[in-house]
Amino acid sequence: MEDDSVKLLRECNAGIKMGISSLDDVIDDVQNNGLRDVLIESRDKHSRLGNETHDYLTKYHDDGKEPAPMAKAMAKVKSNFTTMGDNPDSSIASLITDGCNMGIKSLYRYLNQYPAADKDIKNLTNDIIDTEDQLRQSLRPYL
């Protein structure tokens, strides 16, 4: 049970770090104040959830996991190209929506992969999924 809990926490933690990094990469390029507010609020929620996953990992005496360096580098390159187009806000909303979709899909896969994880860890994972879904819905007007 502890092993599944730690593995699920590591994936949650790495995903949150990736999400925060992606949001940080694009926020300064956003032109619409409403979109900027949505992204900043989401970054703050992700940070709180990241702190929660980190607290659990500390409890399990684990350092967590960093996002894959290649995935992080590719996301950075994609965000740089995205902000160079004719409508950067729409492109940013689309890019972050894609990230939310990938995060949600991955987290459901990890919930299935680590069924013996602690109930509280599963609930935290579902909170992360809900946060991703809320962000995805908040971005629709900007697509």
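The notes below deal with the structure included here. (Residues numbered from 1 in each chain as written. Predicted model: local features only at pLDDT ≥ 70, side-chain atom pairs only at ≥ 80, totals over all residues. Heavy atoms only, no water.)

Looking now at the overall build of the chain. Scanning the chain from N- to C-terminus turns up five helices and zero strands. Reading the secondary structure of the chain in the N-to-C direction produces α-α-α-α-α. Expressed as a percentage of its 143 residues, the buried residues of the chain come to 41%. Residue pairs in contact within the chain that sit at least 24 positions apart in sequence constitute 81% of those at least 6 positions apart. Approximately 7,900 Å² of the chain is accessible, and the part contributed by carbon and sulfur atoms is 49%. (Helix = DSSP H or I, 4+ residues; strand = E, 2+ residues; numbered from the N terminus. Buried < 20%, exposed > 50% of the residue type's maximum accessible area, 1.4 Å probe, protein only. Contact = heavy atoms within 4.5 Å. Areas by Shrake-Rupley, 256 points an atom, 1.4 Å probe, with all protein chains shown as cover.)

Two aromatic rings, taken as a pair, are described by how far apart their centres are and by the angle between their planes. Per the stated rule, a full pass over the model turns up one aromatic pair. When the centroid spacing of 6.3 Å and the interplanar angle of 15° are considered together, the rings of Tyr110 and Tyr114 count as stacked. Taking the ring centre of Tyr110 as reference, the NZ or CZ of Arg109 above it sits at 5.3 Å. (Phe/Tyr/Trp six-rings, centres within 6.5 Å; stacked < 30°, edge-to-face > 60°. Lys NZ or Arg CZ within 6 Å of the ring centre and 35° of its normal.)

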